[in-house]
Amino acid sequence: MTEIFKQSFPRSLDQLIEHYNNDAHRGAVIEAWLFEDEATRRAGERILAIHGITAHLRSAYKPLVHAVLEEIDLSDATAVEIAYPRHEVCTENRFRLETYPVGALCKGAEVTFVPGSETAFTYRLTITNGNGDKTSHDVFAPNRVHQDCIGETLVSPTGWLRVRDAQGNVLTDGRLETDYEAAFHTTIDAIAHHDWGDSEPYFNELNIRVTLPVSDQPLGIGDEVLSLREALHEDFYFSLLEFFQKKSGRPIGDRGLQPGQIVPEIIKADGAPSVRVALRDFDLAVIPSPDQPLDQAQSAINPQQIMRELATITGDEFSANSRAGRQILARYHAGTDKPVMISGGQHPNETSGVIGALRAAQTLNARANSHFTISPLENPDGYALHQRLIQDNPRHMHHAARYTALGDDLEYRKGANLLEKEIRVRAQQISDAELHINLHGYPAHEWTRPLSGYVPRGFAMWTLPKGFFLILRHHESATERAEMLIDRVTKHLADVPGLLEFNAGQIKLYESHAGEHGFRMINGFPCWVSIDDRHDVPITLITEYPDETVYGDAFIAGHTAQMATVLAAYDAHQEMS
């Protein structure tokens, strides 16, 4: 391991208490917006109160949601109107998105959103109670306009300090750079100024280990949780991808970039926040976990079980190797039906597709004449990283495990040395399939990058869950068949118990915060159908189940829906042929 940066950051709350916790400031009123959990902020208020200081310590992250949880009484509300701020640098709904999931926190009250101020970062809530009386609340949402490490102008949440003396005179009212922000920006700057050379990959693993003394807060609404640690993981991972994209001369968002494996590990620990950045070799450790009955698996299964389940499928084995040297196995089950390719684990933090692919293939294996390839885990290096990261917190999305150990999305890989992508190329060559069913997932709770403009750049479409989503890409010559396929598949999925209701609930909450979704609704399922000649296979059906971070019955529902999609698409393909 080679350490390239290490630093601790004085905790902003401790500094605030140290400065004001004395009799010289008795009678002062302090308002501070910090990146701290509620319990810590309440404890800080009690300490300051000992010296006669009235403190209101609020969250700089999602301030409106925290205001509803902590300060504003909605128990008698029948209607809530939220006027949200706007800014010329942001999309129209940026601050509306930041209120998610306040619509579900309003306990049945009718919630409406209206455009608000373009000059102040302030929400205005107008609450109507049961007897028709109205009250208003202004909720400040401190933000700053700044440039990030690639020179893009962003509007991002920030800390803030407002102090009045005992006579009500304003002593301070301005931005407070918090420890949370300083840890992020200082570390990004240190990495950006390191000598990385000119050749990709730049490293095997770039490890960013951060300790933060903050707890996550589940909201009791679906899988929603307020997590500053998870948000910092997302900010580090994607900001560094963008930095290396720019360094390499690639466009921002280019999925062919191969920097190596970027691994932020954001750990809860007491004391001041700290960061250590180091270069490491590939982690080839195997994390043991017990096997689970496949149809009742309540979490991702271990890689050894994946291979054993795959071995139950009759046919010819073929393989490829990953960047870190792990073997990728697949099967070709020959028959007289029209062939179909089935794959999972391209993005291995999306774990329901791996099990759904295996369950579907085992079902097809028992049928006469079935004809398919099955590669359930295309990216074993990413899967191993995900298994490692969830040891600390299984409820985080861990998008560092999304791409390969080269740091790219294997689907976009070009050139002679295909590594992981070789398994997909060989599957098509062996089967000559005209349909590829590629199983994916996406976040089951809100995905944010608060220090980089809040909404994940390049992934705004996936920032909120919106049910079981299907993407269909097809050659122009296959347009009619593709439309028939998506209609038949969604009709079949509509019969899966509870799936339509699940979709309707998530879509309703999505629309209340994001506005009109703009997707095609086909038989109750949000879909994106497009002509795309990038794939060699004429028709590619991609599933997107909100599975990241779900467990238990919710996870079983996810891989059951994935399996049902494969079987429905396989049958529709045969019928149309």
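Residues numbered from 1 in each chain as written. Predicted model: local features only at pLDDT ≥ 70, side-chain atom pairs only at ≥ 80, totals over all residues. Heavy atoms only, no water.

- If you check an unreviewed UniProt entry, the protein appears there as Peptidase M14 from Thalassospira marina.

**Digging into the packing of helix α8 (residues 303-311) against helix α9 (residues 352-365)**
- Following both chains from N to C, one finds α8 and α9 inclined at 15°, their axes separated by 10 Å at the closest point. As the angle between them shows, α8 and α9 are arranged roughly parallel. Between α8 and α9 lies a crossing of left-handed hand. Only Val354, Leu358 and Gln362 of α9 make contact with α8, whose side of the interface consists of Ile306, Glu309 and Leu310.
- Taken together, the residues that form the contact of α8 with α9 break down as four nonpolar, one polar and one charged. (Axes fitted to C-alpha atoms, helices over the stretch in contact; angles between N-to-C directions. Helix = DSSP H or I, 4+ residues; strand = E, 2+ residues; numbered from the N terminus. Parallel < 35°, antiparallel > 145°, perpendicular 65-115°, else oblique. Left-handed = near helix turned anticlockwise from the far one by under 90°. Contact = heavy atoms within 4.5 Å. Nonpolar A, V, L, I, M, F, W, Y, C, P; charged D, E, K, R; others polar.)

**So, the packing of aromatic side chains**
- Enumeration according to the criterion identifies 23 aromatic pairs in this entry.
- Between Phe35 and Tyr180, the ring centres sit 4.7 Å apart and the planes meet at 15°, which makes this aromatic pair stacked. Of this pair, Phe35 sits in the loop between β2 (29-34) and α2 (38-49) while Tyr180 sits in helix α6 (residues 179-192), and the two are 145 residues apart along the sequence.
- The buried category is assigned to Phe35, whose relative accessible area is 3%.
- Exposure remark for Tyr180: the relative accessible area of 2% places this residue in the buried category.
- For the ring pair Phe95 and Phe121, a centre distance of 5.7 Å and an interplane angle of 35° mean the geometry is tilted. Linking Phe95 in helix α4 (residues 94-97) with Phe121 in the loop between β5 (110-115) and β6 (122-129), this pair joins segments that are 26 residues apart in sequence. Accessibility classification places Phe95 together with Phe121 in one group, the buried group. (Phe/Tyr/Trp six-rings, centres within 6.5 Å; stacked < 30°, edge-to-face > 60°. Buried < 20%, exposed > 50% of the residue type's maximum accessible area, 1.4 Å probe, protein only.)

**With respect to the pairing of strand β12 (residues 205-212)**
- Of all eight residues making up β12, seven are buried, and the element is well covered by its neighbours.
- Sheet topology places β12 next to strand β16 (residues 274-280); seven bridges connect them, and they run antiparallel. Within the sheet, the bridge partner assigned to Glu205 lies in β16 and is Arg280.
- Judged from the eight bridges that link them, β12 and strand β15 (residues 261-268) form a sheet pairing that is parallel. (Pairing = 2+ DSSP bridges.)

**Focus on empty space enclosed by the protein**
- Taken as a whole and assessed by the stated rule, the structure comprises four cavities of 30 Å³ or more.
- There is about 100 Å³ of room inside the largest cavity.
- Lining the largest cavity are 14 residues, and of these Tyr61, Val225, Glu230, Glu446 and Thr448 sit closest to its centre.
- Listing elements by their share of the lining of the largest cavity, those giving two or more residues are β14 (225-226) and α7 (228-248).
- Here the lining of the largest cavity takes three residues from α7, the largest share from any one element.
- Each pocket or cavity is described by its volume, and for the second largest cavity that value is around 80 Å³.
- In terms of residue class, the lining of the second largest cavity is built from three nonpolar, five polar and four charged. (1 Å grid on protein atoms, 1.4 Å probe; cavity = no way out; pocket = protein on both sides within 12 Å on 5 of 7 lines; lining within 4 Å. Points joined across faces, edges and corners; volume = space filled by probe spheres on them.)

**Topic: the environment of Arg520**
- Here Arg520 shows up in strand β23 (residues 520-522).
- The class for Arg520 is partly exposed, based on a relative accessible area of 39%.
- Remark: the alpha-carbon pair of Arg520 and Leu470, spanning 50 residues in sequence, is separated by 9.9 Å.
- In this structure, Arg520 is in contact with Glu483, Phe525, Pro526, Cys527 and Val529, ignoring residues within four places of it in sequence.
- Polar contacts involving the side chain of Arg520 include one to the side chain of Glu483, which spans 3.1 Å. (Polar contact = N/O pair within 3.5 Å; in protein donor to acceptor, adjacent residues only side chain to side chain.)

**Observations concerning the sheet that holds β15**
- Pairing is mixed across the open sheet formed by four strands, whose spatial order is β1-β16-β12-β15. Edge positions in the open sheet fall to β1 (2-8) and β15, since each of these has one partner strand only. Mean inter-strand twist for the sheet, computed between neighbouring axes without regard to direction, equals 10°.
- Looking at chain direction, β1 and β16 are connected through six bridges and run antiparallel.

**A word on the domain arrangement of the protein**
- As assigned here, the protein comprises domain 1 (1-60 + 150-281), domain 2 (63-141) and domain 3 (303-575).
- For domain 1 versus domain 3, the distance between C-alpha centres works out to 34 Å.
- The interface is formed by 47 residues belonging to domain 1 together with 42 residues belonging to domain 3.
- Three residues stand out in domain 1 for area buried against domain 3, namely Asp223, Glu230 and Arg255, and they jointly supply 21% of the buried area on that side.
- On the surface where domain 1 and domain 3 come into contact, there are seven salt bridges.
- Taking the shortest distance from any N to any O, the salt bridge between Glu242 and Arg449 comes out at 2.9 Å.
- Summed over the shared surface of domain 1 and domain 3, the number is 29 residue pairs in polar contact (both at pLDDT 80 or more).
- Elements supplying a minimum of two residues to the side of domain 1 that touches domain 3: β9 (153-157), α6, β12, α7 and β15.
- Per-element accounting of the side of domain 1 that touches domain 3 gives the leading share, twelve residues, to α7.
- Partitioning the side of domain 1 that touches domain 3 into residue classes produces 22 nonpolar, eleven polar and 14 charged. (Domains from an automatic or database assignment. Buried area = accessible area lost by both parts, 1.4 Å probe. Salt bridge = Lys/Arg side-chain N within 4 Å of Asp/Glu carboxyl O.)

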